Amino acid sequence: MTKRLTEVAKKAGVSEATVSRVLNGRDGVSEATRTAVLTALDVLGYERPTKLRGERARLVGLVLPELQNPIFPALAEVVTGTLAQRGYTPALCARTIGGVSEMDYVEMLLDHQVSGVIFAGGSYALADARHDHYRRLTERGLPVVLVNAGVDELGFPRVSTDDAVAVEQAYGHLRSLGHERIGMVLGPEGHVPSRRKLDAMIQVAGWDEGDAECVERSSFSMEGARVAATKLVERGVTGIICASDVLALGTIRAARRLGRSVPTDVSVVGYDDSAFMTCTDPPLTTVRQPIETMGQAAVDLLVTQIEGAGVLQDELLFEPELVVRGSTAPAPGR
């Protein structure tokens, strides 16, 4: 008990006596101090006293699929900073292979009486994944916001980059360079953002069933992308649009292992404009997601729900931006 009082007091920036008063429900403590103590208790993983468990903490969960892809730490930085400015404490939950699952994180966050949850890149974006844990959040009436496209039936507010515009920009750029044989390296079949990108490509490029050989699927890893892109390059594709920067880097590696030069023989366009894409060899042409604006919008939507104001369940679409660097060049022979 003494250790707990000391840790909570240090985390909340108050005296141990004040922590004791809050935990015992005594008067003489301001609401702001009381909230700080309860939030510190939650962050440190201590259970609240029984009489205090019915109250939600000013704690917000941010659930990410990984931290290896630089786009997710970038989003986490924006979201956690914005939450802190709004008086909430972020709880970062990043999944790892063989580690804690998204479903387990949801249970942990519910146990800690969080005020709401922001998800990015979760199983909500996979049409064939299990979604039971999201429905639990709905049943509990917990405010939730999803970052980027997900299955429609969940009914949560969404903050997304416009995938159709992203593909239009990438395709238009490659066509302007004279590329006629353009392919795509996308995420898994049921991945909703990848599905949207493919639908946009079908529209803008006028693809039919015969163009299916210009699309390869991959896990969101460099190794998976290398396998997928190898098939496209061997089929004569000279311009490749990828569903992430990580996939683009794997695509560049595939081209080089086949003895092709990027961008002389094969041009590659990524998606995200995550950190260090200016430092790759060559620097990556990519479609930039407006992460800062989207992260702030996600927090605004969540806080609006927490404060009891009505929130439209519509999806907010944000405009991407094509950033041209060294991984694209005129098509061979141009």
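Residues numbered from 1 in each chain as written. Predicted model: local features only at pLDDT ≥ 70, side-chain atom pairs only at ≥ 80, totals over all residues. Heavy atoms only, no water.

What follows covers the packing of aromatic side chains. Each aromatic ring pair is specified by the distance between its two centres and by the angle formed by the two planes. Using the criterion set out here, one finds two aromatic pairs in the structure. Their ring planes at 80° and their centres at 5.2 Å tell us that F119 and Y134 sit as a pair that is edge-to-face. Within this pair, whereas F119 is found in strand β3 (residues 116–120), its partner Y134 is found in helix α6 (residues 132–139), the two being separated by 15 residues in sequence. Exposure class is identical for F119 and Y134. Each is buried. Centroid distance Y124 to Y134: 6.1 Å. Interplanar angle 75°. Geometry classified as edge-to-face. Taken as a pair, Y124 in the loop between β3 and α6 and Y134 in helix α6 lie far apart in primary sequence, 10 residues in all. There is no split in this pair, since Y124 and Y134 are both buried. Taken together through their ring pairs, the aromatic side chains of F119, Y124 and Y134 make up a single cluster. Directly above the aromatic system of Y88 lies the positively charged group of R58, at a separation of 4.1 Å from the ring centroid. (Phe/Tyr/Trp six-rings, centres within 6.5 Å; stacked < 30°, edge-to-face > 60°. Helix = DSSP H or I, 4+ residues; strand = E, 2+ residues; numbered from the N terminus. Buried < 20%, exposed > 50% of the residue type's maximum accessible area, 1.4 Å probe, protein only. Lys NZ or Arg CZ within 6 Å of the ring centre and 35° of its normal.)

Taken in spatial order, the six strands of this open sheet run β7-β6-β8-β9-β10-β12, and their pairing is mixed. Only two strands of the sheet have a single partner each, and these edge strands are β7 (215–217) and β12 (321–323). Direction aside, neighbouring strands of the sheet carry axes that sit 20° apart on average. Note: strand β8 (residues 239–242) against strand β9 (residues 267–272), three bridges, orientation parallel. Note that in β9 the partner of I241 across the bridge is V269. (Pairing = 2+ DSSP bridges. Axes fitted to C-alpha atoms, helices over the stretch in contact; angles between N-to-C directions.)

Moving on, we get to the pairing of β3. Every regular strand shows the same layout, with side chains that alternate between the two sheet faces. Most of β3 sits inside the fold, with five of its five residues counted as buried. Across the two faces of β3 the burial is the same, with G116, I118 and A120 and V117 and F119 all buried. Two strands pair when backbone bridges link them, and strand β1 (residues 59–64) and β3 are joined in this way by four bridges, in the parallel orientation. Counterpart to G61 in the pairing with β3 is V117. Two strands pair when backbone bridges link them, and β3 and strand β4 (residues 144–147) are joined in this way by four bridges, in the parallel orientation. Bridge assignment links I118 to a residue of β4, and that residue is V145.

Our focus in this paragraph is the nonpolar core. With 38 residues, the main nonpolar core has M184, V185, M201, I240, I241 and V268 as its most contacted residues. Only α7 (163–176), β6 (182–186), α8 (192–205), α9 (222–234), β8, α10 (245–257) and β9 provide two or more residues apiece to this core. Setting aside residues no more than four positions away along its own chain, V185 makes contact with E216, S218, A225, A228, A229, L232, I240, I241, C242, A243, L247 and T251. Judged by nonpolar contacts, the second largest core, of 26 residues, contains V60, L301, L302 and F318. (Core = buried A, V, L, I, M, F, W, Y, C linked by side-chain atoms within 4.5 Å. Contact = heavy atoms within 4.5 Å.)

It is worth spelling out the packing of helix α4 (residues 71–85) against helix α11 (residues 291–306) at this point. Look at α4 against α11: their axes get within 9 Å of each other, and the N-to-C directions meet at 45°. In terms of orientation, α4 and α11 fall into the oblique class. With respect to the hand of their crossing, α4 and α11 are arranged in right-handed fashion. Judged by residue contacts, I71, A74, L75, V78, V79, T82 and L83 of α4 engage I291, E292, G295, Q296 and V299 from α11. In terms of residue class, the contact of α4 with α11 is built from eight nonpolar, three polar and one charged. (Parallel < 35°, antiparallel > 145°, perpendicular 65-115°, else oblique. Left-handed = near helix turned anticlockwise from the far one by under 90°. Nonpolar A, V, L, I, M, F, W, Y, C, P; charged D, E, K, R; others polar.)

For the rest of this paragraph, the subject is the environment of A91. Position of A91 among the secondary structure elements: in strand β2 (residues 89–94). As for A91 and D42, which are separated by 49 residues in sequence, their C-alpha atoms are 9.4 Å apart.

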